[in-house]
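What the coordinates show
Chain by chain, the residues run as shown.
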Amino acid sequence: MSDYVIHLQDFRTEGSKVFTGRDRGREVREKSHIDFAVDKNQNIIIDIPQDIRSINPSFLEEFLYNVVRKFGKENFFKKVKWNNSGRYQITSDVVEAVDSILRDNNALTT
Amino acid sequence: MIEGCCSQCPAESIGTALTLSDAADWAQVAIAVFNAIFAIYLFWFQNRQNKEALKREVDNTNATLARERLFQAETLRRENDAKAKDIKLQWFKELILLPNIETFNKFFEELNDIQHVLITPTLDDSQSAGIEKLVSELFSKFKLNFLQPLQVIDASNPNFFHDIRTIVEDLEDDVTRLVLDETFVLNNSDEFYQNIGLRISRAKNNILIAIIKFDN
């Protein structure tokens, strides 16, 4: 099994330095085929363009929704890696998004 | 040859007289039978009428009683619903709203205060990373302390949490996008107010409207 690389640059609005919004997150999830790739590849590498300044949790929640629900928090972080050479530090936003997805999932199933 | 009763009555007239007498007797019997049948019929008819009248009366009484019981049950149900609603509202107020009012007000004050961090017309990489981190931390803290507790009442009012979450997320998206947008001169207080301050104020009002309209 190989690694599947998603270049966020391919889904970027021209000139924008941020990824925001649930709608955009859903769109990138579908266009990047992350939900299918996660089963057929050992790792998912998400490459963040160097000049990106922010990726909001609302975007990440929709983008990663199915993967997080499928793998849970611990395995998600083993399976999905971030390639980030810019100044923006994504870790806290990803953790917030993952926690929110899992909370949402619990709220729906209780 | 048939003999008459006397010399004046011929034998034929005696036969006829017997026949008429018999007819009169039979007629009396028929009338008596008819009277008896009619009396039975009248008794039966009257009895039936009485039973029907009684049944109608009982039905009417039952219907009235049933309506009254239904009305009482409905009134009781409404009263119980109203009581349950009051209790839920009280819990919402005591457990969720009041403990977080300070968080709510502080968040919007701190969000407005980011204009004091925007001291230069444009931001260099280090400044924009700093402001992004500040905005991200403010929203993250607010979502954890204010928004997350609202999720527990989502089961009884599915739109309440999602409506407020959408307002908060839209504001976060707007503020993040705008503070990092180099085309705005955000250290100018008027420009900050027009582009960010108004959105902050509108979002605050919309959250307050959603809370006031809250109906479990």
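Everything here concerns the structure above.
Report follows, based on the coordinates. As the structure is a computational prediction, the values presented were derived from the model and not from experiment.

The next subject is helix α2 (residues 125-150) of chain B. Counted at 1.5 Å a residue, the expected span for α2 of chain B with its 26 residues is 38 Å, and the 36 Å between its end C-alpha atoms agrees. Remark: the principal bend of α2 of chain B, roughly 40 degrees, maps to K143 of chain B.

Turning next to the pattern of salt bridges. When their charged atoms lie close together, side chains carrying opposite charge are able to pair. Enumeration according to the criterion identifies 24 salt bridges over all chains in this entry. With a shortest N-O distance of 2.8 Å, E61 of chain A and R22 of chain A are connected by a salt bridge. You can see E61 of chain A sitting in helix α3 (residues 57-79) and its partner R22 of chain A sitting in helix α1 (residues 22-32), a full 39 residues away along the chain. One connected set of salt bridges, linked through shared partners, spans R22, D23, R26, R29, D35, E61 and E62 of chain A together with R165 and E169 of chain B.

In this complex, chain A contributes 18 residues to the contact, which on the side of chain B involves 19 residues. Taken over both partners, the interface formed by chain A and chain B buries close to 1,600 Å², and the fraction arising from carbon and sulfur atoms is 38%. Seen at the junction of chain A and chain B, the total is three salt bridges. Here K143 of chain B ties to E96 of chain A by a salt bridge, and the two come within 2.8 Å at their closest N and O atoms. Between chain A and chain B we count 11 residue pairs in polar contact (both at pLDDT 80 or more) in total. Mapped by element, the contributors of at least two residues to the side of chain A that touches chain B are α3 and α4 (91-109) of chain A. Its residues placed into classes, the side of chain A that touches chain B shows four nonpolar, five polar and nine charged.

The subject of this paragraph is the sheet that holds strand β1 (residues 3-7) of chain A. All names here are of chain A. One open sheet accounts for three strands, arranged β1-β3-β5; its pairing is parallel. If you trace the sheet from one side to the other, it starts and ends with β1 and β5 (80-84), each paired once. The sheet shows a mean angle of 25 degrees between the axes of neighbouring strands, direction not considered. The strands touched by α3 are β1, β3 (43-48) and β5; relative to β5, the strand with the most contacts, the crossing angle is about 110 degrees.

Tracing the backbone through its elements, the reader meets S128 of chain B in helix α2. Classification of S128 of chain B by relative accessible area gives buried; the value is 1%. A distance of 2.9 Å separates polar atoms of two side chains, one belonging to S128 of chain B and the other to R53 of chain A. Non-local contacts of S128 of chain B, meaning those with residues more than four positions away in its chain, are made with R53 of chain A together with L123 and L180 of chain B.

All names here are of chain A. Here α1 crosses α3 at 35 degrees, and the two axes come no closer than 7 Å. For α1 against α3, the interelement crossing comes out right-handed. Between α1 and α3, the residues in contact are R22, R24, G25, R26, V28, R29 and S32 and S58, F59, E61, E62, F63, Y65 and N66, respectively. Looking at side-chain class alone, the contact of α1 with α3 contains four nonpolar, four polar and six charged residues.

Conventions we followed
- Residues numbered from 1 in each chain as written.
- Chains lettered and ligands numbered in written order.
- Predicted model: local features only at pLDDT ≥ 70, side-chain atom pairs only at ≥ 80, totals over all residues.
- Heavy atoms only, no water.
- Helix = DSSP H or I, 4+ residues; strand = E, 2+ residues; numbered from the N terminus.
- Expected span 1.5 Å × (residues − 1).
- Bend = angle between axes of the 7 residues up to and from the residue.
- Salt bridge = Lys/Arg side-chain N within 4 Å of Asp/Glu carboxyl O.
- Contact = heavy atoms within 4.5 Å.
- Buried area = accessible area lost by both parts, 1.4 Å probe.
- Polar contact = N/O pair within 3.5 Å; in protein donor to acceptor, adjacent residues only side chain to side chain.
- Nonpolar A, V, L, I, M, F, W, Y, C, P; charged D, E, K, R; others polar.
- Pairing = 2+ DSSP bridges.
- Axes fitted to C-alpha atoms, helices over the stretch in contact; angles between N-to-C directions.
- Buried < 20%, exposed > 50% of the residue type's maximum accessible area, 1.4 Å probe, protein only.
- Left-handed = near helix turned anticlockwise from the far one by under 90°.

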